[in-house]
Amino acid sequence: MTFSKVTHVLFDMDGLLLDTEKLYRCAISEALQTYGKEYTPEVMLMVTGTTERDTVQIIVNEYNLPSEEEFHKMFKKRSLELLKDSELCEGAERLVRHLSKHGVPIAVATSSSLESVGVKTQKFKELFSLFHHVVSGSSDPDVKNGKPAPDIFLVCASRFPDKPEPEKCLVFEDAHNGIVGARCAGMQAVMVPEKTVPEEKRKGATVVLNSLLEFKPELFGLPPFDD
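The notes below deal with the structure included here. Position numbers for residues start from 1 in each chain and track the written sequence from start to end. Totals for whole chains, interfaces and linings use every residue, but because this is a predicted model, local features are given only for residues with pLDDT of at least 70 and side-chain atom pairs only at 80 or more, for both listing and counting. Values shown for side chains rest on all heavy atoms present in the structure; no hydrogens or waters enter the calculation.

**A few points about the packing of aromatic side chains**
The rule is short: rings of Phe, Tyr and Trp, with Trp giving its six-membered ring, pair when the centres are within 6.5 Å, and they are stacked under 30 degrees, edge-to-face over 60, tilted in between. Taken as a whole and assessed by the stated rule, the structure comprises eight aromatic pairs. Judged by centre distance (6.2 Å) and plane angle (10 degrees), the rings of F71 and F75 are stacked. Here F71 and its partner F75 are both found in helix α4 (residues 68–82), four residues apart, which amounts to about one turn of the helix. For the pair F71 and F75, a shared accessibility class is recorded, and that class is buried. By the ring-pair criterion, three or more aromatic residues cluster together here, those being F3, F11, F128, F131, F172, F215 and F220. Starting at the N terminus, helices and strands are each numbered in turn, a helix being any DSSP run of H or I of at least four residues and a strand any DSSP run of E of at least two. Exposed residues in this analysis have more than 50% of their type's maximum accessible area, buried residues have under 20%, and partly exposed residues fall in between, with area computed by a 1.4 Å probe over protein chains only.

See below:
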C-alpha cells in the first residue's frame, strides 16, 4: 500500500495521546447508574470522539433520561475528578518528541473542552507545549460541528502559520467518529482503535495500528525514527 507524503500532523487527544477513554466510561457509567441504566458498548461507540455537548445529547436521547442539564452536571463533575489521573498512551511521547525534534509542525484536534484539557494535561505540560496549538471542539467558536463532521480538522490545519492543504495533513485518531471527520476533511488518517472496536468501524482509516509504537513515519514522507 502506498501513502501520500504529508508535512503536518494532527493528533486527537483522548484514547490516542492520553489513556482517558476508560475514565470517561467510568464517569458516564456512574452517572447512568443513578437512573438505573447500564452503559452499553453500542452507545459507547456512538459517543466516542464526540464533543461534550453531543455526548450528553446522545446519551440522554438513547436512554430517555429526564434532564439533559442534570445528567451533564453529574457527568462533568465526575469526569473532571477522574481526569486528574490521566496517563499517556503507549508510544505517544516517543512520537510527539520525534516529530517535534525534526521540526514537523504538530497540533491537537480534540473534542474536549478547554477546562478538561487543562485538567488531564496538567502532569504533562512540557510535552504538550511541543504542539503548535490545541483546538478544543467543545469550546472553540470556529468549530461549528463536532466529529464526525470535518470542522475541527479544517480549523486545526488553518491555524498553522503556513495553512497547509488538507491532503498535506496526517491525522491520528482512535475513534470511528474522528476517522470519518478526518477523511471528510480530505486528510489521511491513522487509526489506533481499542480492541473492542468492530472491524466495520475501522474501514475508513488509511491505516490501522495496534499501538503508536507501530507507526512508521517514513511511509508518509516524515523523518524515520532513529532507533
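Next comes the rest of the write-up.
**Section: the layout of surface pockets**
Considering only enclosed or pocket space, the largest pocket measures out at about 550 Å³ in volume. What lines the largest pocket is a set of 31 residues, among which E21, M44, V47, T48 and G49 lie closest to the centre. Elements with a minimum of two residues in the lining of the largest pocket: α1 (21–33), α2 (41–47), α3 (52–62) and α9 (176–184). Polar here means any residue outside two lists: the nonpolar Ala, Val, Leu, Ile, Met, Phe, Trp, Tyr, Cys and Pro, and the charged Asp, Glu, Lys and Arg; Gly therefore counts as polar. Grouping the constituent residues of the lining of the largest pocket by class yields ten nonpolar, 13 polar and eight charged. A pocket here means an open set of points on a 1 Å grid, computed over the protein atoms alone, that has protein on both sides within 12 Å along at least five of seven lines. A cavity is instead a set of points where a 1.4 Å probe fits but cannot get out; residues with an atom within 4 Å of a point line either one. Grid points are joined across faces, edges and corners, and a volume is the space filled by probe spheres set on the points. Within this model, the second largest pocket holds a volume of roughly 350 Å³. Lining the second largest pocket are 18 residues, and of these G15, V192, P193, E194 and N210 lie nearest its centre. When the residues that make up the lining of the second largest pocket are grouped by side-chain class, the tally is seven nonpolar, three polar and eight charged.

**Concerning the pairing of strand β4 (residues 169–173)**
Among the five residues that make up β4, five are buried, leaving the element largely enclosed by the rest of the structure. Where burial is concerned, the two faces of β4 agree: the one with C169, V171 and E173 and the one with L170 and F172 are both buried. Direction of pairing for strand β1 (residues 8–11) relative to β4: parallel, over a ladder of four bridges. Bridging from a neighbouring strand, V9 pairs with L170 of β4. Across four bridges, β4 lies against strand β5 (residues 188–191) in parallel orientation. Bridge pairing in β5 places E173 opposite M191. If the strands point away from the viewer and the path from the first strand over the helix to the second runs clockwise, then the crossover is right-handed. Handedness of the crossover joining β4 and β5 through α9: right-handed. Should DSSP find at least two bridges between two strands, the strands are taken to pair.

**Considerations on the environment of F11**
When you line up the elements, F11 lands in strand β1. Sequence spacing of F11 and D151 is 140 residues, and the spatial spacing of their C-alpha atoms is 14 Å. Here a residue-residue contact requires only that any non-hydrogen atoms of the pair lie within 4.5 Å. Setting aside residues up to four positions removed in sequence, F11 forms contacts with L16, L17, L95, V96, L99, I106, A107, V108, A109, F131 and F172.

**Observations regarding unusual backbone geometry**
Put simply, K147 and P148 share a cis peptide bond, and its omega is 20 degrees. Of note, P148 is situated in the loop between β3 (134–136) and α8 (151–158). At N64, a position not held by glycine, the phi torsion is positive, near 55 degrees. Tracing the sequence through the fold places N64 in the loop between α3 and α4. Positive phi outside glycine occurs at K163, with the angle close to 40 degrees.

**A few points about the nonpolar core**
What makes a nonpolar core is a set of buried Ala, Val, Leu, Ile, Met, Phe, Trp, Tyr and Cys residues whose side-chain atoms join them at distances within 4.5 Å. Counting 30 residues, the largest nonpolar core has F11, L17, F172, F215 and L222 as the members making the most contacts within it. Going through the elements one at a time, β1, α5 (92–101), β2 (106–110), α7 (125–128) and β4 are the ones with two or more residues in this core. The dominant element in this core, judged by the number of residues it contributes, is α5, at four residues. Beyond its immediate chain neighbours, meaning those up to four positions away, L222 contacts V6, V9, L99, V104, L170, F215 and P217.

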